[in-house]
Amino acid sequence: MTSFSFGARRLWLATGFSLALSACAPMIATTPATVELMQPAATAKRVQLLAPAQVKLDTGYSRDLAAKSTWSQVGRLPQGDVYRPVGTILTIEGRHVHEAYLVVRNKTLVGFYLPGEQNYSPLTTAVPLNLGESE
Amino acid sequence: MKRIARMLIAGLAVSSLLAGCASGVKHAEMAASMPTLKPGEGRIYFLRSASMFGAAIQPDIRLNSQVVGESKPGGFFFVDRTAGKYVAAASTETEKTLSFMLDAGETKYVRSSPSLGLMVGRVVLELETPEKAKEELASLSYTGDQVKAAAK
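Only a predicted model underlies this, so the values are computations on that prediction, with no experimental measurement involved. (Residues numbered from 1 in each chain as written. Chains lettered and ligands numbered in written order. Predicted model: local features only at pLDDT ≥ 70, side-chain atom pairs only at ≥ 80, totals over all residues.)

Student: When you look at the overall build of chain B in this model, what are you seeing that I'm missing?
Tutor: Along chain B, the regular secondary structure elements total 4 helices and 9 strands. In chain B, the succession of helices and strands from N to C terminus is α-α-β-β-β-β-β-β-β-β-α-β-α. With 152 residues in all, chain B has 33% of them scored as buried. Of all intrachain contacts in chain B linking residues separated by at least 6 positions in sequence, the fraction that spans at least 24 positions is 70%. (Helix = DSSP H or I, 4+ residues; strand = E, 2+ residues; numbered from the N terminus. Buried ≥ 20, exposed ≤ 12 C-beta atoms within 10 Å, placed from the backbone. Contact = placed C-beta atoms within 7 Å.)

Student: Explain the interface of chain A and chain B to me, please; I cannot follow it from the model alone.
Tutor: Interfaces are often described in size by the accessible area the parts lose on coming together. Of the residues lining the interface, 15 residues belong to chain A; the matching set on chain B comes to 17 residues. Elements that contribute at least two residues to the side of chain A that touches chain B include exactly helix 1 (2-23) and strand 9 (97-99) of chain A. Across the side of chain A that touches chain B, the residue classes break down as 7 nonpolar, 5 polar and 3 charged. Alignment of strand 9 of chain A against strand 6 (residues 98-102) of chain B, held across 2 bridges, turns out to be parallel. Across the sheet, the residue bridging to His98 of chain A is Ser99 of chain B, located in strand 6 of chain B. (Nonpolar A, V, L, I, M, F, W, Y, C, P; charged D, E, K, R; others polar. Pairing = 2+ DSSP bridges.)

Student: Would you explain the sheet that holds strand 3 (residues 66-70) of chain B in this entry?
Tutor: Within a sheet, adjacent strands bond to each other through the backbone by hydrogen bonds, running parallel or antiparallel. Sheet architecture is open: 6 strands sit in the order 8(A)-9(A)-6(B)-5(B)-2(B)-3(B), paired in mixed fashion. Whereas interior strands pair on both sides, the edge strands pair on one side only; in this sheet they are strand 8 (91-93) of chain A together with strand 3 of chain B. Pairwise comparison of adjacent strand axes, ignoring direction, gives a mean angle of 25° for this sheet. Taken together, the 3 bridges between strand 8 of chain A and strand 9 of chain A define a ladder with antiparallel strand orientation. (Axes fitted to C-alpha atoms, helices over the stretch in contact; angles between N-to-C directions.)

Student: Would you mind showing me how to read the pairing of strand 2 (residues 60-63) of chain B here?
Tutor: In regular strands, side chains alternate between the two faces of the sheet. All names here are of chain B. Judged from the 4 bridges that link them, strand 2 and strand 3 form a sheet pairing that is antiparallel. What sits directly across from Arg62, in strand 3, is Val67. Hairpin connection, strand 2 to strand 3: the antiparallel pair is bridged by 2 residues, and Asn64 has positive phi, about 45°. Sheet analysis places strand 2 next to strand 5 (residues 84-90), joined by 3 bridges and oriented antiparallel. Bridging across to strand 5, Ile61 finds its partner in Ala90.

Here you go:
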C-alpha cells in the first residue's frame, strides 16, 4: 500500500512537472527582418536536401528536415539566403508555433525566417546541410 | 439490476461522446459546391481528427482575433482571406498561437489537436502538410457556414 501511494505520488509529480514545462516553453528569440525578394519568382533557385538533418531549437523542441525535401529560394536576408519548403510546410515551436523558412549561409542552416511575423530567429548552434541543386 | 445500470451508464457515456462529434456533410460530398477563390485571396482549412481523446474540449478558433469557427472532433471548416500574415489560436486555458503567411491562390491547412493542460484540457494548432490534410479531409464533416451562406 505504501509503495503504491509512493509510486502514485511520483507519477503525479512527474505528470505535473511535464505539464508545467509544456505550458511554460520559452518564447522563440526573434528580431525584425525584411527579406529582399527574388525576382521573378518563377525562376527561383531550388535546392534539395541530400541527407536528413535534425535541428535542435533552444526551446527544447527539435525539427527533422527530410532527405530529398525540396526548397525554393524566395529571397535574401543579411544573415543568409531564405528558402521555403516546396509541397510541404515547416514550423518551429516554443511557447507558440511559427511557420518557418530556412536561412542558409555557406550550406549551413543559421536560422529561420518567420513569414507570418516578418522576423528572423537565429539558431544558437548552426546546422551543416548537405544541399544539392534541384530541377 | 447492476448489469442494467452499468449498460445504461455506458450507453449514456457513448451517446454524450458521439453528440460532441461533428456530423455535417463530408468533404468528399461537398467538393462540387465549394466556392472558387477570389483573386488575391487564399484559403485556410481548419481540421480536427475524429479522436475521442479530449472530445469534450471544443473551443472557438480565432484568426487574427476574430472567431471563425469551432474545433470539433471529426470536423473541418474553411475561410477565404486576402493574402497576408495571420495568427490563429484556440480559446482554451493556455493560448498557444500559430503564425503563418497566406499567399494569393494558396491553401493552408491548420490542424487542431487536444492536449493536456495544467488545469483543464487545451487545443493546440499546427500547420499540416497538404498531403496529410487532403488524405484526412475526405472523411471529416463540415462544421462551417461559408458554403451555406454562399448558396443563399
